[in-house]
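Close look at the chain arrangement
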Amino acid sequence: MTINSYRDLKVWQLGISLTKQVYLLTRNFPKSETYGLSSQMQRAAVSIPSNLAEGHARDSTQEFLRFIAIALGSLAELETQLIVAEQLEYITNPKLQ
């Protein structure tokens with residue numbers, strides 16, 4: 001399979017899907033979390049495919065790998081925030097294994 005664009009990357013496509021799911025999930029959070037956990041989760045989720053896209057557009061494999069590492073960091077951040085949301089009982093059974 002030829003990769004002509006970051007849009008061809010399966011991981012980018014999954015990142016877009018994850019971002020949509022996070023936005024839908026956080027709609028149900030308490031209004032008091034609008035600028036707190038909801039916002040943090042949305043920004044972390046958006047950061048994942050955004051960094052993959054930016055890294056793919058860079059001039060070198062080394063730079064792309066650096067942006068992949070940043071995306072992985074955002075994924076870990078989002079996972080932590082999902083655990084916090086579960087602990088606060090904003091969500092149930094988030095399948096975090």
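That block above? That's the structure.
Attention in this report is confined to the structure presented alongside it. (Residues numbered from 1 in each chain as written. Predicted model: local features only at pLDDT ≥ 70, side-chain atom pairs only at ≥ 80, totals over all residues. Heavy atoms only, no water.)

Section: the packing of aromatic side chains
Threshold: Under the pairing criterion, centres of Phe, Tyr and Trp rings, with the six-membered ring standing for Trp, must be within 6.5 Å; the plane angle then separates stacked pairs below 30 degrees from edge-to-face pairs above 60, leaving the rest tilted. Only protein chains enter the calculation, and the probe is 1.4 Å; a residue is then buried if its accessible area is under 20% of its type maximum, exposed if over 50%, and partly exposed in between. Counting from the N terminus, the helices are the DSSP runs of H or I reaching at least four residues and the strands are the DSSP runs of E reaching at least two.
Applying the stated criterion across every chain yields a total of 2 aromatic pairs. Pairing Y6 with W12 gives two aromatic rings, centres 5.2 Å apart and planes at 70°, and the pair type is edge-to-face. Y6 gets classed as partly exposed once you look at its relative accessible area, which sits at 26%. The buried category is assigned to W12, whose relative accessible area is 15%. On the numbers, 5.2 Å between centres and 50° between planes, the contact of F29 with Y90 is tilted. Placement of F29 in the loop between α1 (10–26) and α2 (37–57) and of Y90 in the segment after α3 (61–87) is noted, with a sequence separation of 61 residues between them. When its relative accessible area of 24% is taken as the criterion, Y90 is described as partly exposed.

Let's talk about α2
The cut-off we apply is this: Any helix carries an expected span of 1.5 Å times its number of residues minus one. Bend angle per residue: angle between axes fitted to the 7 residues ending at that residue and the 7 residues starting there.
Taking 1.5 Å per residue, 21 residues should reach 30 Å; α2 reaches 30 Å between its end C-alpha atoms and fits that length. The largest bend along α2 reaches roughly 25° and is located at S47, with the proline P49 sitting one to four residues downstream.

A look at α3
How we decide: Contacts are assigned to residue pairs that have any heavy atoms within 4.5 Å of one another.
Along its 27 residues, α3 runs 39 Å from first to last C-alpha, staying within 8% of the 39 Å computed at 1.5 Å per residue. Within the span of α3, buried status applies to F64, F67, A71, S74, L78, Q81, L82 and A85. On its buried face, α3 is in contact with α1 and α2. Downstream of α3 by one or two residues, E89 has phi in the positive range, about 65°.

Regarding the packing of α2 against α3
Two quantities define a packed helix pair, namely the angle between the axes and the distance from one axis to the other. We apply this condition: Where helices are involved, their axes are fitted lines through C-alpha atoms of the stretch in contact, as for all axes, and angles between N-to-C directions lie from 0 to 180°. An angle counts as roughly parallel when it lies under 35 degrees, as roughly antiparallel when it exceeds 145, as roughly perpendicular when it falls between 65 and 115, and as oblique in every other case. Handedness of each helix crossing follows the sense of rotation of the near helix against the far helix: counterclockwise by less than a right angle gives left-handed, clockwise gives right-handed. Asp, Glu, Lys and Arg are counted as charged, while Ala, Val, Leu, Ile, Met, Phe, Trp, Tyr, Cys and Pro are counted as nonpolar; the rest, among them Gly, fall into the polar class.
α3 packs onto α2 with a crossing angle of 160° between their chain directions and a minimal axis gap of 8 Å. Judged by the inter-axis angle, α2 sits roughly antiparallel to α3. Between α2 and α3 lies a crossing of left-handed hand. Considering only residue class, the contact of α2 with α3 consists of 16 nonpolar, 7 polar and 2 charged.

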